[in-house]
Number of protein chains: 2
Amino acid sequence: MEEEAKCAANYTALTPLSFIERIASVYGERDAVIYGDIRFTWTQTFERCRRLASAVSKLAAVGDTVSIVSPNSPALYEMHFGIPMAGMVLNTINFRLDATAIAVMLKHCEAKIVFVDVQYLQVVHKALQTVVSSSSSLSSWRRPAIIVVEDRLHVAGAGGESNTWNSFLPGWGELVEYEDLLQTGDPQFAIRLPADDWETISLNYTSGTTARPKGVLYHHRGAYLNALVSVLFWGMKEGPVYLWTLPMFHCNGWTFTWGVAAMAGTNIIMRNMETKTVYDLIAKHRVTHLCGAPVVLNTITSAGSHEKKKLPGRVHVLTGGAPPPPSVLSKMEGEGFDVMHSYGLTETYGPALVCSWKPEWNNLPLEAQASLKARQGVIHLALQEADVLDPTTMMPVQRDGSTIGEVMLKGSTVMKGYLKDKEATRAAFKGGWFHTGDLGIIHADGYIQIKDRSKDIIISGGENISSIEVESVLFKHPDILEAAVVARPDEHWGETPCAFVTLKDSASNVSAGSIMAYCRERLPRFYVPRTVIFSELPKTSTGKVQKVVLRERASALNTPLKSASKL
Amino acid sequence: MEEEAKCAANYTALTPLSFIERIASVYGERDAVIYGDIRFTWTQTFERCRRLASAVSKLAAVGDTVSIVSPNSPALYEMHFGIPMAGMVLNTINFRLDATAIAVMLKHCEAKIVFVDVQYLQVVHKALQTVVSSSSSLSSWRRPAIIVVEDRLHVAGAGGESNTWNSFLPGWGELVEYEDLLQTGDPQFAIRLPADDWETISLNYTSGTTARPKGVLYHHRGAYLNALVSVLFWGMKEGPVYLWTLPMFHCNGWTFTWGVAAMAGTNIIMRNMETKTVYDLIAKHRVTHLCGAPVVLNTITSAGSHEKKKLPGRVHVLTGGAPPPPSVLSKMEGEGFDVMHSYGLTETYGPALVCSWKPEWNNLPLEAQASLKARQGVIHLALQEADVLDPTTMMPVQRDGSTIGEVMLKGSTVMKGYLKDKEATRAAFKGGWFHTGDLGIIHADGYIQIKDRSKDIIISGGENISSIEVESVLFKHPDILEAAVVARPDEHWGETPCAFVTLKDSASNVSAGSIMAYCRERLPRFYVPRTVIFSELPKTSTGKVQKVVLRERASALNTPLKSASKL
């Protein structure tokens, strides 16, 4: 109809870049970033982001990818606005990866600029050398510009090291330091807003450790929506004080990099996760919100009494990334943290399902509450549907709380697709649903509960065993700090549960047998671990236990005939 | 790029219909609607909406307009979901309009179905007769289906009247009652979600009293976004208890019809605005949120002590629709209401600017706080920009808090346009901004303050007088209940301020002269009303004073030579 004039007045692409423009104008004098003794107001942060956008515009073109290898830092936060302001794609890389993995990513996304924290210069150097030597033709690989982020606050002697930067990367030309780069940028840079909100804002590689990494593409629309509905379901009011216990490279900080700006909050940035620092910063800045995987929560509550400090008020904690053991939830609540549980994946911009709490549940015993809270829950307001389907028939499973199927999602906050991987994208969206790869059940009340990753389920004698259920019991054991359960090949049963366990410092005289006995009292017989190994748990940088590594160890324990013949 | 697969899994049109689907599934057992003794859970409301969608699908086609003339009621609430679920456009009409105005609207929008509350059957009948008699050819006007909403709770003897319905509308065939209609609908009706979120969800005629009414078109995307960002800036948490003091026909209840569903709240529906009922319902249902124009707030605080009840907790009030006099804000706060001020127009889905509160303002004297709160403020998170521009040059005015210009907006929650009015749409969006027609200033801190409607400004001796500023002073007078100031034609000055004033019951011995003296102490000399008239104020159904009527009265007081010769 002609009266429907789509024009500049009534149509704008949705983008989280509008958050920082708005907040710098309204709450410009408020602290945006606090990092040790460093403080930037929103006016300053906005100006620094525009300088960054201006500076990178001279080094690369609209649509190019800009990678960064860095722990949490003001620079990393600023890139979440500054890079897309230049129309470029932000690619944050897990700084704990090795050179081989980083090389694969840099090559895959054809990074035109690489920002690197000075502490990770060597590994990135090695990664770049790998790329260069593996490239058959130099034309397919234009050497990216390298910008060094000198984190003067945290890296002892970094100032001195600056003289030696160039020796790390012979032939790469003069390296530029981040702050010097900003000086070359225009603080009045005209922000490039997306013409279409389906434009890519960022690229996040999944943390999968076995397969080739998949590059998940986010668009401005999804980033805007996920940020808004996440602050909404979390009940975040204007002006939160948000502590960065979560690495920002993880789904762009579950989109709270942008969400904190939307709510005119203050970012308390932490470079490394240290328990004492967490309590210190909470007390000092009156922190109101923080995020973390269950393992981070476990670390926080397991802190020694000399590290802990009284909380200054309610501290809202959002957990996700792995199913939280009910015992961890109970402990956090007992310490005065207000825990909300959300579920999501890199492919869903982080939070997708949320365990929406019902007031009537407050009257249940604490343990029952924790069990309810451990469920992954229901969709947030930017998704359209979630269900548990039989992946073969694509029919919903019974809502009986026991039939296992694959958790599937659809809606506006599901990724655009995987970069340069048509096949994987097609597979992920088969049948008009995003296949999460997580196995779960759906309860009669519509709440979804994850039972396992497809590949983590243990099949013993034809029966499915949820490794998570076994772990939940182990987590309740008074002497166990952490536990992970994987399949161990077995000639007779196919697989049996194998538990890897870390004990608390206070534990003494705990045997494998006593742990099995503990499980036998609380689990079906075939769920009980046949093997218990006392060991540190290998983890990804986001705190996820690397079950793939444990599975290898479990397999190496013995090589049963049957498995051997199959392998 | 091929990897970017826009498909059912990762792209859905934004629509508030997703809110009720989600909430019925998660909080189905929670009260959705409470109306006297009537209670519907979200499961029931969802089912009733689907029945409605199914039933209207048999009477009209996708894209058709469905009008309703009704005060607040469960049926009116249900139509906000049920009509768009059928792919039709919801047109809520101000029930206080006369037959002529209603006829103009019904004809203009070519309503295919008209729902009418039984109390308004006669006026709608008259309106329909007007349409029929004014239509040159019957082919251009297909008689709409009429559905009567019998409000058994509130209309005494309505049950008896049902037998006499048909006598109201001879020749219109058998009329159907709303509840009977629902019975014909399928509770499992497959909801028609919009294919594109730019599809029209509703049509709202502006309450302008002089010009021909303009039909403002809303799309699903704007309705979704405005509902979400409004609950966000209001700090509404999950599970609000929302009291409907605001008529739903007004910008679809400032989009809170949908917003309450988004937050899984409970709608306490009030048919008529009665002070005692407001306090009773707040106490009975522990109301947490309500909206109202300043005049509604004034009515609430001016209630007699026998009508008032202690508030059960913080009651959050959102006011807008007219600039709130600081004295009204102070009084509400003094009674324990937590008032937030927002500004918007029919063209912006209601709320557009919000007077974002800064914690440091809490330390100011109460009167200073009220003055700050009376400012219209800054954009919410779904708009892109607001500014005060010179409408001729389209250049921003100085941010000096005194230069007057026109308030202009742009962003995703500005209407699609005016129905069948290309010219008005083009004028409204001239230069890529939505022209609000409101005159205002912008303060150094970026907060916008409305000084007047373009047509309400008084120009005396070449100087602009803001009628709102004069009214603010009058509102502070201890004996004045309400006041409105308009221009009175004057041979010498062109115009002079003319005040219409309503006194409190307690007032005695207040003269026009004493009011002028009161103003002289507090205002520039030329701002002081030259005329003070004691009178009831004519109002629109949304509580806005009808200044057009007052201007006519002021003009009729005398007819100065100059004006007369011009007229």
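Up top you'll find the structure we're talking about.
Being a predicted model, the structure only gives us computed values, none of them experimental.

What counts and what doesn't
- Residues numbered from 1 in each chain as written.
- Chains lettered and ligands numbered in written order.
- Predicted model: local features only at pLDDT ≥ 70, side-chain atom pairs only at ≥ 80, totals over all residues.
- Heavy atoms only, no water.
- Helix = DSSP H or I, 4+ residues; strand = E, 2+ residues; numbered from the N terminus.
- Rg over C-alpha atoms; globule rule 2.2 N^0.38 Å.
- Buried < 20%, exposed > 50% of the residue type's maximum accessible area, 1.4 Å probe, protein only.
- Contact = heavy atoms within 4.5 Å.
- Areas by Shrake-Rupley, 256 points an atom, 1.4 Å probe, with all protein chains shown as cover.
- Lys, Arg positive; Asp, Glu negative; His and termini not counted.
- Charge placed at Lys NZ, Arg CZ, Asp CG, Glu CD.
- Salt bridge = Lys/Arg side-chain N within 4 Å of Asp/Glu carboxyl O.
- Axes fitted to C-alpha atoms, helices over the stretch in contact; angles between N-to-C directions.
- Left-handed = near helix turned anticlockwise from the far one by under 90°.
- Nonpolar A, V, L, I, M, F, W, Y, C, P; charged D, E, K, R; others polar.
- Least-squares fit on C-alpha atoms with pLDDT ≥ 70 in both.
- Core = buried A, V, L, I, M, F, W, Y, C linked by side-chain atoms within 4.5 Å.
- Pairing = 2+ DSSP bridges.

Asker: Which residues make up the overall build of chain A, and what values do they have?
Answerer: Across its full length, chain A carries 20 helices and 26 strands. Relative to its length of 567 residues, chain A is compact, with a C-alpha radius of gyration of 24 Å against a globular reference of 24 Å. With respect to the principal axes defined by its C-alpha atoms, chain A has extents near 65 × 60 × 55 Å. Within chain A, the fraction of its 567 residues that count as buried is 62%. The long-range fraction of contacts in chain A, counting pairs at least 24 apart against all pairs at least 6 apart in sequence, stands at 71%. Of the roughly 21200 Å² that chain A leaves accessible, carbon and sulfur atoms contribute 51%. Between the centroid of the 56 positive side chains of chain A and the centroid of its 57 negative side chains there is a distance of 2 Å.

Asker: Give me the pattern of salt bridges: which residues, what numbers.
Answerer: Under the criterion given, the structure shown has 44 salt bridges over all chains. Between K309(B) and D280(B) there is a salt bridge, with its nearest N and O atoms 2.7 Å apart. Remark: D280(B) occurs in helix α12 (residues 275-285) and K309(B) occurs in the loop between α13 (294-301) and β13 (315-319); sequence separation between them is 29 residues. On the accessibility criterion, K309(B) (41% relative accessible area) is partly exposed. The salt bridge partner of R551(B) is D456(B), with a shortest N-O separation of 2.8 Å. Of this pair, R551(B) sits in helix α19 (residues 547-557) while D456(B) is found in the loop between β21 (448-453) and β22 (458-460), placing the two residues 95 residues apart along the sequence. When its relative accessible area of 10% is taken as the criterion, D456(B) is described as buried. The structure contains a network of salt bridges with shared partners spanning R48(A), E78(A) and E179(A).

Asker: Residue-level account of the packing of helix α14 (residues 326-334) of chain B against helix α15 (residues 366-373) of chain B, with values.
Answerer: Residues and elements named next belong to chain B. Viewed as axis vectors pointing N to C, α14 and α15 meet at an angle of 115°, and their least axial separation amounts to 8 Å. Crossing of α14 against α15: the hand is right-handed. Along the contact surface, α14 presents P326, L329, S330 and E333, while α15 presents L366, A370, S371 and K373. Broken down by class, the residue content of the contact of α14 with α15 amounts to 4 nonpolar, 2 polar and 2 charged.

Asker: Mind laying out the relation of the copies chain B and chain A, listing which residues take part and the relevant values?
Answerer: The two copies are related by a screw operation: chain B maps onto chain A through 180° of rotation and 0.0 Å of translation along the axis, at an RMSD of 0.0 Å. Overall, the copies show the geometry of a two-fold rotation axis. No C-alpha of chain B approaches the rotation axis more nearly than that of L232(B), which lies at 3.3 Å. A symmetric contact is evident, with 100% of the interface residues of chain B recurring at the interface of chain A.

Asker: How would you explain the nonpolar core if you had to name every residue and give the values?
Answerer: Note on soluble globular proteins: their nonpolar side chains tend to be buried together. Membership of the largest hydrophobic core comes to 210 residues, with the highest contact counts inside it found for F115(A), F256(A), F115(B) and F256(B). By size, the runner-up hydrophobic cluster in this structure holds 29 residues, among which are V69(A), A111(A), F249(A) and L419(A).

Asker: Can you lay out the side chain of T206(B) for me, pointing to particular residues and giving the numbers?
Answerer: Residues and elements named next belong to chain B. Inspection of the secondary structure assignment puts T206 in the loop between β8 (200-205) and β9 (215-219). With a relative accessible area of 16%, T206 lands in the buried category. If we skip the residues at most four places from it in the chain, T206 touches K214, V216, T346 and E347.

Asker: Give a detailed account of the sheet that holds β13(B), specifying residues and quantitative values.
Answerer: Residues and elements named next belong to chain B. An order of β2-β1-β11-β10-β12-β13-β14-β15-β16 is seen for the 9 strands of this open sheet, with the pairing classed as mixed. For this open sheet the edge positions go to β2 (38-41) and β16 (378-379), each flanked by a neighbour on one side alone. Most of the contacts of helix α2 (residues 42-57) go to β2, to which it runs at about 85°, and overall it touches β1 (31-35), β2 and β11 (266-269).

Asker: Please give an account of the sheet that holds strand β7 (residues 176-177) of chain B that cites residues and values.
Answerer: All names here are of chain B. Strand order across the open sheet formed by 8 strands is β7-β6-β5-β3-β4-β8-β9-β19, with mixed pairing between neighbours. Looking at the sheet topology across the chains shown, the edges are occupied by β7 and β19 (417-418). Relative to strand β6 (residues 145-149), strand β5 (residues 113-117) runs parallel, the two being bridged by 5 bridges. What sits directly across from D117, in β6, is V149. This element, helix α5 (residues 121-134), spans β3 (65-69), β5 and β6 of the sheet and lies at about 150° to β5.

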